[in-house]
Amino acid sequence: MLVFLPAAGVLYLDVYERQELSALETSMVQQGRIMAAAIGEEGPIDPARATRILQRLERRLNARLRVLDRQGWVIADSSQLGPRLPAGLTEATEEAARLGDSVSGSRTSPLYRLGSALYTLYRRAVGAPEAPLLAVEPFPADQPLTIPPVAAALAGKYGASALISPGQRSVTLYSAIPVRSGREVVGAVLVSGTTLRILGDLYQVRLAVFQVVLASLLVAVLLTLVASITIVRPLQRLRGEALALFDGRGRLRGTFGGSGRADEIGDLARALEDLSRRLVEHLAFVEAFAGDVSHELKNPLASIRNAAEMLEEVEEPDQRRELLDIVQREVARLEHLLKEVREMARLDAQVEGEDRATVQLESLLPPLVEGARRRAPRGVAIELELDGALPVNGSPDRLAQVVENLLDNALSFSPAPSAVTVRLARAGNRALLSVRDRGPGIPPQHLERVWARFFSYRPPGTGDGRPHTGLGLAIVKAIVEGYGGTVAAASPAEGGACFEVTLPLAA
């Protein structure tokens, strides 16, 4: 806009000039028609009467009026009825004197000269033709006027032309109107006017437009500098940080630096900083997860290898059977571990994008609790407490997996006789599910670690004796947080452990 609006103003100058010329010509034609109507009568034109009419006008005209007879001789001239002009002055110079120094002042200003020089270079570059100069003034006094407008008027038609005089920058317009006596043309009125006043206005408009152009260019330069400092350079810095984020082998070796700016660039930088930080955390988690899986697979594989090597040396059937039991038990342990690892991978990739439905927790819990009672150790009871209808959004299978993992964890630590309490209640706009056992509890230093993958804390003499991967509670955490909920673990003062899950209620 800063560039094209001033350019449009320059282009408008041609329209403005044509409109001014059209208005001047219309004014001249009206003056000529009035004069022709005033002197028109029966027979030839009376020079004395034409002169008296021009005298009454007291030169209050913006054009020069000349009355011509049938042969084209000037018989009355408005320029000869006023004060005598200094020697050598033409009509154009007289007009310039009346306009004063406004035209010359505009043209001699440094800004106008600069704009004119640039425009001249442009015309030379595009090869614009120069307008021809035609000498039209002063007309010989001892000859009739034979210019085209006069010839057209004496032929009974309207005649007009625009000619450029040598030594002038302005254009002289000529309009000739026939003077009729009845149907016969007895003469003509020639009206001439210089465009010096229009040219003076154009000089001022050109100067004003060029000032706007310069101001627009200055503003454009300043805005470009501001954009370079506030937009381009920060974006280049972000691009450089993005290119340096990975090494040649595709390994992450840094993060985005962020920004303290309060605009959109700052928001983008902070978002990229957070994204890169989360990417670093995820890669660290993947590496740690791979190490944990490798460590967990190492122990059963070592047991299988040792048992297989010993089978070659043992001959006793009982010992061989014992070694085969070890192999089968460790293979089952590996299968269970791989199943849990695969489940964790599926949760990380799919839990947030799975199809969800409205699930009534008060209807979901009873059959799950009943199933847990059938597999609970002897002497361990499960109590269920429900508090009204509590709908949540999620997958019924995933929510059932959360409840079953919490119940299995509680049953594995519950001594006989004891009870596991399952309570479902409303907590504001969330559903609160708690599972509490009467086992040994959780040491304070492990309250957060119990949700970590592959972490399993079992004090001596506790547990159900079955191998555990340490992924049950981690799966619970992944599902619940994927549904926008929270998990927490606590050791009540009266003993045991309590696990709490909150989920947002469905609308």
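Higher on the page you've got the structure.
Residues numbered from 1 in each chain as written. Predicted model: local features only at pLDDT ≥ 70, side-chain atom pairs only at ≥ 80, totals over all residues. Heavy atoms only, no water.

### Observations concerning unusual backbone geometry
With an omega of -5°, the peptide bond running from Ala416 to Pro417 counts as cis. Note that Pro417 resides in the loop between helix H11 (396-413) and strand S9 (418-427). (Helix = DSSP H or I, 4+ residues; strand = E, 2+ residues; numbered from the N terminus.)

### What about the nonpolar core?
Formed by 53 residues in total, the largest nonpolar core has its most connected members in Leu406, Leu407 and Phe499. Of the residues forming this core, the biggest block, eight residues, is contributed by H11. Setting aside residues up to four positions removed in sequence, Leu406 forms contacts with Leu433, Val435, Leu473, Val476, Phe499 and Val501. (Core = buried A, V, L, I, M, F, W, Y, C linked by side-chain atoms within 4.5 Å. Buried < 20%, exposed > 50% of the residue type's maximum accessible area, 1.4 Å probe, protein only. Contact = heavy atoms within 4.5 Å.)

### A short note on the sheet that holds strand S12 (residues 498-504)
The strand order across the open sheet built from five strands is S7-S9-S10-S12-S11, with neighbouring strands paired in mixed fashion. Two strands in the sheet have a free side with no partner beyond their single neighbour: strand S7 (380-386) and strand S11 (486-490). Sheet twist, expressed as the average angle between the axes of neighbouring strands with direction ignored, equals 15°. Packed onto the sheet, H11 meets S7, S9, strand S10 (430-436) and S12 and runs at close to 25° relative to S10. Those strands touched by helix H12 (residues 472-482) are S11 and S12, and its axis lies near 20° from that of S12. (Pairing = 2+ DSSP bridges. Axes fitted to C-alpha atoms, helices over the stretch in contact; angles between N-to-C directions.)

### Some details on the packing of helix H10 (residues 361-375) against H11
It is the contact of H10 with H11, at a shortest axis distance of 10 Å, that shows an interaxial angle of 40°. By the angle between their axes, H10 is oblique relative to H11. Where H10 crosses over H11, the handedness of that crossing is right-handed. Contact residues: Leu361, Leu364, Leu365, Leu368, Val369, Ala372 and Arg375 in H10; Pro396, Leu399, Ala400, Val403, Glu404, Leu407, Asp408 and Leu411 in H11. Among the residues making up the contact of H10 with H11, the classes are represented as twelve nonpolar, no polar and three charged. (Parallel < 35°, antiparallel > 145°, perpendicular 65-115°, else oblique. Left-handed = near helix turned anticlockwise from the far one by under 90°. Nonpolar A, V, L, I, M, F, W, Y, C, P; charged D, E, K, R; others polar.)

### Considering the packing of helix H7 (residues 196-243) against helix H8 (residues 264-311)
When two helices pack together, their arrangement is given by the angle between the helix axes and the distance between those axes. Relative to each other, H7 and H8 sit at 10°, their axes nearing to 10 Å. With respect to H8, the element H7 is oriented roughly parallel. Facing H7, whose interface residues are Thr230, Pro234, Leu235, Arg237 and Leu238, H8 presents Ile265, Leu268, Ala269 and Leu272. For the contact of H7 with H8, the per-class residue count stands at seven nonpolar, one polar and one charged.

### What about the pattern of salt bridges?
All told, the structure shown has twelve salt bridges when counted by the stated rule. A salt bridge links Arg423 to Glu385; its shortest N-O distance comes to 2.7 Å. Of this pair, Arg423 sits in strand S9 while Glu385 sits in strand S7, placing them 38 residues apart in sequence. Of the residues examined, Glu385 reaches a relative accessible area of 33% and is grouped as partly exposed. (Salt bridge = Lys/Arg side-chain N within 4 Å of Asp/Glu carboxyl O.)

### Looking at the pairing of strand S2 (residues 74-77)
As judged from the three bridges shared by strand S1 (residues 64-69) and S2, these two strands associate in the antiparallel manner. Bridge assignment links Arg66 to a residue of S2, and that residue is Asp77. The hairpin turn running from S1 into S2, its antiparallel successor, is four residues long, and Gly72 in that turn takes a positive phi close to 100°.

### Side note on the pairing of S9
Burial analysis of S9 places seven of its ten residues in the buried class, the great majority of the element. Taken together, the seven bridges between S9 and S10 define a ladder with antiparallel strand orientation. Looking across to S10, one finds that Ala427 is bridged to Arg430. Where S9 hands over to S10, the hairpin turn is made up of two residues, of which Gly428 adopts a positive phi near 70°.

### A closer look at H12
H12 sits mainly inside the fold: eight of its eleven residues count as buried. The set of residues buried in H12 consists of Leu473, Ala474, Ile475, Val476, Ala478, Ile479, Val480 and Gly482. After H12 finishes, the residue Gly484 shows a positive phi value of roughly 80°.

### Here we look at a nonpolar patch on the surface
On the surface, Leu218, Val221, Leu222 and Leu225 cluster together into a nonpolar patch covering about 370 Å² of accessible area. Looking at where Val221 falls in the secondary structure, it is placed in helix H7. Here Val221 falls in the partly exposed class, since its relative accessible area comes to 46%. (Patch = residues over 30% accessible without salt bridge, like charges linked within 9 Å, V, L, I, M, F, W, Y side chains within 5 Å. Areas by Shrake-Rupley, 256 points an atom, 1.4 Å probe, with all protein chains shown as cover.)

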